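Topology and contacts: notes
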Amino acid sequence: MPELPDLTVVADALHAALTGRPVRSAEAPGPLAVRGTPAELSALVGQRVVEIRRRGKFLLIDLERDRIACNPMLTGRFQLAAPGDKLPSKTAVVLGFGPRTGAPRDVARWTRDATWLPADDAEPEVRYRDPTQMGKIYLVPADVERPVPGLGGAEQGPDADDPALTLEVWRDRIRKHPGELKNLLRNQAFVAGIGNAYSDEILHAAHLLPFRKRSSLAAEEVDALYAATRSTLADAIEVLRARVPPTFEKQVRDFLAVHDKGGQACPRCGTRITEVRAGGFITSYCRGCQH
Ligand SMILES: [Zn+2]
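Residues numbered from 1 in each chain as written. Predicted model: local features only at pLDDT ≥ 70, side-chain atom pairs only at ≥ 80, totals over all residues. Heavy atoms only, no water.

For strand β11 (residues 281-285), the tally of buried residues reaches four of five residues, placing the bulk of the element in the interior. Once strand β10 (residues 274-278) ends, the chain turns through two residues before running back antiparallel as β11, passing glycine 279 with a positive phi of about 60°. (Buried < 20%, exposed > 50% of the residue type's maximum accessible area, 1.4 Å probe, protein only. Helix = DSSP H or I, 4+ residues; strand = E, 2+ residues; numbered from the N terminus. Pairing = 2+ DSSP bridges.)

This is how it looks when you write it as structure tokens:
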């Protein structure tokens, strides 16, 4: 499942590749993934890309007038491609873009001069594919009130890497959530962007067990969880920037410390990593150094 680090890298990359380009074509080979009408999809054509960014576990494409909000859920992936490239199976949406005039604004420093960036006169495509077809692409025309479940409002707390989420704000927000730490971190209403994999990683970094209750934490453990959240996400983004492009559709997870590494040695203390499967999700942790 794409989480904050994965989607941050994809959003930075697509922003650098596509801002300033007009949408030339918009098609939905897998129309079940699209929330919106065929007319709304066609109406995207001609609008330029203003900004592409991540919010929580959503990828947002802001065009001159309308918005596209993508929630990839478990298996949705984005591919940056040339029009002639073979279309992957289970492709749900294909957006074609025209040439760009003028330099793109506000591009992430790490994307500058990247070899995978399409030339200004190229006509790149973004393909959204989703083998399990659980993800959704919401078309949000400027003049239509279309709610996007899970995006914004009380359903979504601040991004876990938002500079405005200071330690003081974290301490204040976490008080309302007495339950198990893994569920707390995955609760998008607490902080947004963390899922099953990075919640395991953050808890390992914080030396805390996933099934421990927040109400049992000492004040310094609450602070340690904050520090681990920030550093784990920032470190992962750094790794993914170097390893994901140009295959944005591939999810890189092999560098993680504990998640999905049941039976292997903990990289910190050498204890065999414990793996629990519940509700289709894996939770991995170390009984040697998480308490
Ligand atoms: Zn350990």
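Having seen the model, we can carry on.
We now examine the sheet that holds strand β6 (residues 77-81). The four strands lie next to each other as β1-β7-β8-β6, forming an open sheet whose pairing is antiparallel. Each of the sheet's edge strands pairs with one partner strand only, and the pair in question is β1 (23-27) and β6. This sheet shows a mean twist of 15° between the axes of neighbouring strands, independent of strand direction. With five bridges joining them, strand β7 (residues 91-97) and strand β8 (residues 125-129) adopt antiparallel strand pairing. From the neighbouring strand, valine 93 faces β8, where its bridge partner is tyrosine 128. (Axes fitted to C-alpha atoms, helices over the stretch in contact; angles between N-to-C directions.)

With that out of the way, let us pick up the environment of glycine 153. Position of glycine 153 relative to the elements: it lies in the loop between β9 (136-140) and α3 (167-174). C-alpha of glycine 153 to C-alpha of alanine 189: the two residues are 36 residues apart in sequence and 9.2 Å apart in space.

Let us look at the pattern of salt bridges. In this structure the tally under the stated criterion is 20 salt bridges. Where arginine 146 meets glutamate 40, a salt bridge forms, and the shortest distance between an N and an O atom there is 2.8 Å. Note that arginine 146 is positioned in the loop between β9 and α3 and glutamate 40 in helix α2 (residues 38-42), a separation of 106 residues in sequence. On the basis of relative accessibility, which here comes to 21%, the residue arginine 146 falls in the partly exposed class. Between glutamate 221 and arginine 212 there is a salt bridge, and its shortest N-O distance comes to 2.8 Å. Judged by relative accessible area, glutamate 221 falls into the partly exposed class, the value being 22%. It is possible to trace a salt-bridge network through shared partners that takes in Glu51, Arg53, Asp62 and Arg67. (Salt bridge = Lys/Arg side-chain N within 4 Å of Asp/Glu carboxyl O.)

Counting 63 residues, the largest nonpolar core has Leu14, Leu18, Leu44, Ile68, Phe78, Trp170 and Leu225 as the members making the most contacts within it. A per-element tally of this core places helix α1 (residues 4-18) first, with nine residues. Within the second largest apolar cluster, seven residues are counted, among which are Phe58, Tyr138, Val140 and Val148. (Core = buried A, V, L, I, M, F, W, Y, C linked by side-chain atoms within 4.5 Å.)

Looking now at the packing of aromatic side chains. In the structure shown here, the tally under the stated rule is six aromatic pairs. Aromatic pair phenylalanine 78 and tyrosine 128: ring centres 5.3 Å apart, planes at 50°, arrangement tilted. One end of the pair, phenylalanine 78, is in strand β6; the other, tyrosine 128, is in strand β8, with 50 residues separating them in the sequence. Residue phenylalanine 78 shares its accessibility class with tyrosine 128, and that shared class is buried. Relative to phenylalanine 248, the ring of tryptophan 116 has its centre 5.2 Å away and its plane inclined at 80°; by these criteria the two rings are edge-to-face. Residue tryptophan 116 is found in the loop between β7 and β8, and its partner phenylalanine 248 is found in the loop between α6 (219-243) and β10; the two are separated by 132 residues along the sequence. Relative accessible area serves as the criterion here: at 16%, tryptophan 116 is assigned to the buried category. Put simply, the rings of Trp110, Trp116 and Phe248 touch in pairs and so form one group of aromatic residues. Sitting over the face of the ring of phenylalanine 281, arginine 186 holds its NZ or CZ atom 5.4 Å from the ring centroid. (Phe/Tyr/Trp six-rings, centres within 6.5 Å; stacked < 30°, edge-to-face > 60°. Lys NZ or Arg CZ within 6 Å of the ring centre and 35° of its normal.)

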